[in-house]
Amino acid sequence: MTAIDRAAFAELEELAGDDKDFLNEILMTYIEQVDVVMGSARDALAAGDTVAFIRAVHTLNGSSRNVGAVDVARLCAAIEHDARLDPAAASHAALRQLVEPTRLACEAFQQHLRA
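To start, this report covers the structure provided alongside it. (Residues numbered from 1 in each chain as written. Predicted model: local features only at pLDDT ≥ 70, side-chain atom pairs only at ≥ 80, totals over all residues. Heavy atoms only, no water.)

So, about helix α3 (residues 50-67). Its 18 residues place the ends of α3 26 Å apart at the C-alpha level, agreeing with the 26 Å of an ideal helix rising 1.5 Å per residue. Among all positions in α3, only Ala52, Phe53, Ile54, Ala56, Val57, Leu60, Asn61, Ser64 and Val67 are buried. Tucked into the core, α3 has its buried residues touching α1 (6-16), α2 (20-47), α4 (70-85), α5 (92-96) and α6 (99-114). Where α3 begins, one side-chain oxygen reaches toward the backbone nitrogen of Val51, 3.3 Å away; that side chain belongs to Asp49. Phi turns positive, to about 95 degrees, at Gly68, one or two residues after α3. (Helix = DSSP H or I, 4+ residues; strand = E, 2+ residues; numbered from the N terminus. Expected span 1.5 Å × (residues − 1). Buried < 20%, exposed > 50% of the residue type's maximum accessible area, 1.4 Å probe, protein only. Contact = heavy atoms within 4.5 Å. Polar contact = N/O pair within 3.5 Å; in protein donor to acceptor, adjacent residues only side chain to side chain.)

See below:
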């Protein structure tokens, strides 16, 4: 899982213990929520709602950090920071930066689920 921080993921595995179903549920929820949160961010941009955009990116930041998708989390933190400083930074271009890292993270989790 190169898109995932191994140490952070190991902590998640330790938290789940022997309950692999619990771990798999967390990963499946993350995968499903990525699309939902990205959609919320796009909707916020379309509505010109910077606060909702920041909230969506912040949500993805926390979720990503919790499952070890640290590249996604770092990028979300930067986008959130920039949007707070300058609402014009809340843009489709900023959101597009998240597409590839989230795809890679979700792909890594899907591989783990198939293993």
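Right, let's talk about the packing of aromatic side chains for a bit. Evaluated as defined, the whole model comprises 2 aromatic pairs. Aromatic pair Tyr30 and Phe109: ring centres 5.5 Å apart, planes at 85 degrees, arrangement edge-to-face. In this pair, Tyr30 sits in helix α2 while Phe109 sits in helix α6, placing the two residues 79 residues apart along the sequence. Side by side, Tyr30 and Phe109 carry an identical accessibility label, which is buried. Following the ring pairs from residue to residue traces out a cluster consisting of Phe9, Tyr30 and Phe109. (Phe/Tyr/Trp six-rings, centres within 6.5 Å; stacked < 30°, edge-to-face > 60°.)

Further remarks concern the packing of α1 against α2. Axis separation between α1 and α2 bottoms out at 8 Å; the angle between their running directions is 135 degrees. As far as their axial angle goes, α2 and α1 are oblique. For α1 against α2, the interelement crossing comes out right-handed. On α2, the residues touching Phe9, Leu12, Glu13 and Ala16 of α1 are Phe22, Leu23, Ile26 and Leu27. (Axes fitted to C-alpha atoms, helices over the stretch in contact; angles between N-to-C directions. Parallel < 35°, antiparallel > 145°, perpendicular 65-115°, else oblique. Left-handed = near helix turned anticlockwise from the far one by under 90°.)

Take the side chain of Thr102 next. With respect to the helices, strands and loops of the structure, Thr102 is situated in helix α6. Among the polar contacts made by the side chain of Thr102, one reaches the main-chain carbonyl oxygen of Leu98 at a distance of 2.8 Å. Residues within four places of Thr102 in sequence aside, it is in contact with Val34, Leu60 and Val72.

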